[in-house]
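Tertiary structure, described
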Amino acid sequence: MADGAGATEPIHIMGAGLSGLAAATILAKAGKDVHVHDVRADSGARFDGDFQALENWTMDADFFQQLEQWGFDASQFRATEFKVVDLIHPDDVITQPKSDRVAYRIVERGTAEHTIDQGMKRQALEAGAKIHYKSRVKEEDCTIIACGPKGTSAVAYGEIFKTSHPNHIAFQMKDKLAPGAYSYLIIVEGVGLICTCLWRKQSKSERFLNETIAWYEKHYPELDRTPIKRVGGKGDFTINQRYKQDGRYYVGESGGLQDFMWGFGMRMAVWSGVLAAQDILGECDYETEVRKQLLPYVRTSVANRWLMNRVGDGMFKRMCRRWMKDQEKRGDGLVWIGKLFRPAWYKTLLYHLVTPFMLEKDSKAMGRGVRRMPFRKAKRRDVWQQSPEAEKIGQQWDDVHRGGGKISFANDSDEPTISSE
Ligand SMILES: Cc1cc2nc3c(=O)[nH]c(=O)nc-3n(C[C@H](O)[C@H](O)[C@H](O)COP(=O)(O)OP(=O)(O)OC[C@H]3O[C@@H](n4cnc5c(N)ncnc54)[C@H](O)[C@@H]3O)c2cc1C
C-alpha cells in the first residue's frame, strides 16, 4: 500500500498541513488518486489564527516565484509584505533593518478563508485530492508522512488581540523574555500577535508571554490592545538518516525539515512536499534532492542553533550591531541575515563536530535513524517573578479566558491539544 507509483493505486497522505497539501496538489494534478487524512477537523486547526512569517532571505529565489514554478497560486491566501522590521536589541534599543526586496510575507495560519492552510487546501481540492478530516490512519498505510511535529524541541506562546495600530513587525532578542530565542510583534489589518519562543523548557511558561506583552505595551504605547485568544505550538527539530524509508516519504516537520535556529519551517514544508510528489511522479529522487536542496540549510541552522545555545544577551547585542553595520555598508538589511542562514564550509564542519553531543536518538522512528534536538533545560537565570505589569496582563487574560477567550495550546504542555473542533 505504501507504494503509490501505480496510476490507479490510491496514495494516502498523513496530515493535511502545508507539506501534505503541497504534495497532494501536485499528485492530484498529475491524475493520481490522492487521499489526505488529518486527525483534526480542518487544515490549519492546529494554529487557530496565528500569524507566521514566510522568510525571503535564505535563498536568492523569491519563495512566491518558487510557488508559481511549482504550479501554486499564492493569491489563494492573504500574504502581507514587509520590507522593514523593528529590530529590538537586548538593551531595548530599536533599529530598523530594511531592504528594497520583500523581507517577510506574513500569512495567517488557521481555518479562516484567507489563511495559507485554507488557500493550500482549496488548491488540493480543485486539483482533485480527497481530504478526510478527523481521520486516523497508520503510518505504515501511508505513502507520505506529513503530520508536523511529533516530539518537542521548543515551544512558542502568543496572544492575538485587536488593535488600531497600523501594520507593523518587531523582532526582539532578549534572553529573559524568550530564553534562547526571540519574541515578536506582528500587526496586520487591525489584528496583532505578540509571541515569545522558548528554546528552553520552563515552568509557569505563561509568565514569559505576560512579561513579553508588558514589554511591548511599555515600548509601543499606541498598541491599544484588546486580547482575543492565546495561541502557540511546538517545534520538532530532527536530523534523519533517511527521508524515504520502505516506500514512505517523510516531509515537512515530520521529516525534521525545519530551521533549528529560529523555526522558519513553512518554506521547507511546502518544498519537501513538492519534492516527494515529484519523486512519486518519477521526476526526481526524493532522498537525493532533500539532501541537495534542503539539508544544507537544515545543517547550517543546526550549527547556528548550537552557537545560539551558548550565548546570551551580550552576543545578541553584538549580532544586532553587526546586522546594522552591515546594512550601513551594503544598503540592504537582508544581506547579513541571509548570510547567517546560508550554508558555509565552517558551518558544515561545526555541524559535524557538534551533532553527536547535541541530538538524541528517537527510538520510535521506525528505523529511520532520527536524532532530535531535545527541549533544553531551564537555566538558573530563567527563574524570576513576574513584574506587577505582567501580573496585570495575566489577570486581564484570565478574565478574557473566563469570558470565552480560547487557548489553542496548553501552557507547560509537551503535547498539542488535538481538539475535535
Ligand atoms: C507557534 C509557531 C509559530 C511558527 N512560526 C513560523 C514562522 O513564523 N515562519 C515559519 O516559516 N514557520 C513557523 N513555524 C513552523 C511552521 O508552522 C511549521 O514548520 C510548518 O507548519 C510545518 O508544516 P508541516 O506540513 O510539516 O506541518 P503542519 O502544517 O503543522 O501540518 C501537519 C498536519 O498534520 C496533522 N496531524 C498531526 N498528527 C496527525 C496524525 N497522527 N495523523 C494525521 N494527521 C495528523 C495536523 O493536524 C496538521 O494539520 C511556527 C510554528 C509554531 C508552532
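On a predicted model such as this, the values are computed, not experimentally measured, just so you know. Throughout this description, residue numbers start from 1 for each chain and increase along the sequence as written. Only residues with pLDDT of at least 70 get local features here, since the model is predicted, and only at 80 or more are side-chain atom pairs given and counted; chain-wide, interface and lining totals rely on the full set of residues.

Side note on the site of the ligand
Here, nearness is defined through the C-beta atom: a residue counts as near a molecule or strand if that backbone-placed atom lies within 6 Å of it. Near the ligand there are 35 residues, and of these Gly15, Gly17, Gly233, Gly252 and Gly265 occur at the shortest range. A run of H or I in DSSP counts as a helix once it spans at least four residues, and a run of E counts as a strand once it spans at least two, with each numbered from the N terminus. For the shell around the ligand, the secondary structure elements donating two or more residues are α1 (18–29), β2 (34–38), β3 (51–55), β14 (226–235) and α5 (266–280). Of the residues forming the shell around the ligand, the biggest block, four residues, is contributed by β14. Looking at the shell around the ligand residue by residue, the class counts come to twelve nonpolar, 16 polar and seven charged. Residue type decides the class: Asp, Glu, Lys and Arg count as charged, Ala, Val, Leu, Ile, Met, Phe, Trp, Tyr, Cys and Pro as nonpolar, and the leftover types, Gly among them, as polar.

Re the packing of α1 against helix α3 (residues 116–127)
Geometrically, a packed helix pair is captured by the angle between its two axes and the distance between the axes. In the contact formed by α1 and α3, the axes pass within 8 Å of each other and the chain directions differ by 20°. Between α1 and α3, the angle is such that the two are roughly parallel. Crossing geometry of α1 relative to α3 is assigned as left-handed. Together, Leu18, Leu21, Ala22, Ala24, Thr25, Ala28 and Lys29 of α1 and Ile116, Met120, Lys121, Gln123, Ala124 and Ala127 of α3 make up the contact between the two elements. Classifying every residue of the contact of α1 with α3 gives nine nonpolar, two polar and two charged. For helices, the axis comes from a line fit to the C-alpha atoms of the stretch in contact; other axes are also lines fit to C-alpha atoms, and the angle between any two N-to-C directions lies between 0 and 180 degrees. To sort the angles, those under 35 degrees are grouped as roughly parallel, those over 145 as roughly antiparallel, those from 65 to 115 as roughly perpendicular, and the leftovers as oblique. By definition, any crossing whose near helix is turned counterclockwise from its far helix by less than a right angle is left-handed, and any crossing with a clockwise turn is right-handed. Placing a C-beta atom from the backbone of each residue, one calls two residues in contact when those atoms lie within 7 Å.

A few points about the sheet that holds strand β7 (residues 104–108)
A strand pair is defined by DSSP finding two or more bridges across the two strands. Here three strands make up an open sheet; going across it, the order is β3-β7-β4 and the pairing antiparallel. In the strand order of this sheet, the two ends are held by β3 and β4 (79–82), each with one partner. If you compare each strand with its neighbour and ignore which way they point, the axes differ by 30° on average. Strand direction decides the pairing type here: β3 and β7, joined by five bridges, are antiparallel.

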